[in-house]
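Inside the fold
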Amino acid sequence: MHHFIPGCLRASVLLFVVPAILLVVPGARASDDVIRPTGRIYYDFARFDNDDRGVPSRGRDGLRLAWLGVAGNVHGFGYRAEVDVAPTHWALRNAWVSRDLGSPGRGVLYVGQMGQHFALDDKVSFNHRPAVEPSYLAQALASPHRVGIGWNGHQAGSFWGFSGGSLRRFDVPEIKGHGLSARAGHVFRQRDDGDLLHLAASVMREHHHHPGADGARPLRVPLRTAGHFSRRPALLLADYRDGRDVRVDKRGLEAAGVRGAWSWQGEYAQGRYRDGARRDRIAAHYVMAAWLLTGETRPYDDAGGHFSQLQPQGARGAWELMARYDRISADGTGEDRRQRLAADAWTVGVNWYPRRNVRVMLDWIDSRRHDRTRDLLLDHTGTLAGRVQWDF
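Summarised in this report is the structure supplied together with it. (Residues numbered from 1 in each chain as written. Predicted model: local features only at pLDDT ≥ 70, side-chain atom pairs only at ≥ 80, totals over all residues. Heavy atoms only, no water.)

Comments concerning the nonpolar core
- One finds Leu141, Val221, Leu223, Leu237, Tyr273, Ile282 and Ile328 to be the most contacted residues of the largest nonpolar core, which totals 31 residues.
- Put simply, the parts of the chain that give this core at least two residues each are helix H3 (136–141), strand E10 (219–223), strand E11 (235–240), strand E12 (246–259), strand E13 (262–274), strand E14 (279–292), strand E17 (318–334) and strand E18 (337–355).
- Counting residues per element, this core draws most heavily on E14, which supplies five residues.
- Those residues in contact with Tyr273 that lie beyond four places of it in its chain are Ala140, Leu141, Leu219, Val221, Tyr240, Arg247, Val248, Lys250, Arg278, Arg279, Asp280 and Ile282.
- Formed by ten residues, the second largest nonpolar core is a distinct cluster that contains Val124, Leu196, Tyr300 and Phe307. (Core = buried A, V, L, I, M, F, W, Y, C linked by side-chain atoms within 4.5 Å. Buried < 20%, exposed > 50% of the residue type's maximum accessible area, 1.4 Å probe, protein only. Helix = DSSP H or I, 4+ residues; strand = E, 2+ residues; numbered from the N terminus. Contact = heavy atoms within 4.5 Å.)

Written out as structure tokens, the structure reads:
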């Protein structure tokens, strides 16, 4: 907690000093959208059906997330600064300046801290995902916001994005190394009423410099199989802390579609980690389907190549049913060690959208963790997870 207050103060300075400078730029046009507040507030809860293995998780609830920020445009430049504030921590997310290069085909150039171009489930905003928890694939293989340069564009149904730079974040300089990511795909519009087919692929390469030594943060890949409120230790899929440089290569394939009130998406991705003495391979996939009972069509953003915010059509809002199956495995060898872990989960849920920016969610998650080396079931947990969210 003693790091939390100073962190919030530093975040507040970043959020409001930059827009204040932009406000006094000489000759700012009246048509410029100089400052626009953005944010979201989530109230989450979880209740657990534990088995007799390991540390039991107890029901919890609380304000999980208050993502607050500012965005705008001035003199042809865009900017965004956002901080994720929770009761016990804070984290700087987006903090970038952008320049539109003149047409969708030429794209937009970004400089600063931004999200990476990998995995559909990670590109879809938390505000718009049908499930409370992200997929195992997004949890384990998608990368956090990083400092560098990015570029994305779209034209005639195709979309693409690239980013490269440091692995560090402005608020976490202990992550040492550099990397790049790229994602491209095409959306096939079948009719004018929203039906579509989305196909895409992504790649990512990372070079981590001496993790765990010389002040560098260890490289770890933890997975919360039963949700973010679970007290059971995370399933540790990979752990590099011996100071040797680590190279990571990730690849992913994705497909999604919309037909009337039905939508679906699925992905497969794998990551390979090696430091000269050890090797780890993580592979994950999921399949998800959703049905809007009130007849709306799930919106899609052609520019970004991902789903976007739903607009309820009726006075009583929109209702949605969803189901998802997740599977992930991790195989590690080296240094007289062999590790074979796996996890899978079924998620079913119902969502109510009373307004465009308000949503109530309720999910049931049935998850299992396995030690495949010893052919052992590590735990089997049921989770009732819910969320009330408001975004602006």
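Now that the structure has been shown, we can carry on.
Observations concerning empty space enclosed by the protein
- In total, this model carries five cavities of 30 Å³ or more according to the counting rule given.
- Reported here for the largest cavity is a volume of approximately 140 Å³.
- Asn127, His128, Leu310, Tyr353 and Arg359 are, among the 17 residues lining the largest cavity, the residues nearest its centre.
- Every element with two or more residues in the lining of the largest cavity is listed here: strand E19 (358–371) and strand E20 (376–391).
- Taken together, the residues of the lining of the largest cavity sort by class into five nonpolar, six polar and six charged.
- By volume, the second largest cavity is sized at about 60 Å³. (1 Å grid on protein atoms, 1.4 Å probe; cavity = no way out; pocket = protein on both sides within 12 Å on 5 of 7 lines; lining within 4 Å. Points joined across faces, edges and corners; volume = space filled by probe spheres on them. Nonpolar A, V, L, I, M, F, W, Y, C, P; charged D, E, K, R; others polar.)

Describing the pattern of salt bridges
- As enumerated under the stated definition, the model contains 24 salt bridges in all.
- The residue Arg93 makes a salt bridge to Asp84 at a minimum N-O spacing of 2.8 Å.
- By relative accessible area, Asp84 is classed as buried at 4%.
- The residue Asp302 makes a salt bridge to Arg189 at a minimum N-O spacing of 2.5 Å. Of this pair, Asp302 sits in the loop between strand E15 (300–301) and strand E16 (306–307) while Arg189 sits in strand E8 (residues 177–189), placing them 113 residues apart in sequence.
- Judged by its relative accessible area of 28%, Asp302 falls in the partly exposed class.
- Here the salt bridges do not stand alone but share partners, grouping Arg205, Arg247, Asp249 and Arg274 into one network. (Salt bridge = Lys/Arg side-chain N within 4 Å of Asp/Glu carboxyl O.)

Structural notes on the environment of Glu174
- Structurally, Glu174 can be placed in the loop between strand E7 (158–166) and E8.
- In the structure, Glu174 is positioned 42 residues away from Ala216 in sequence and 4.9 Å away in space, judged by C-alpha atoms.
- Excluding residues that lie within four positions of it along the chain, Glu174 makes contacts with Gly215, Ala216 and Arg217.

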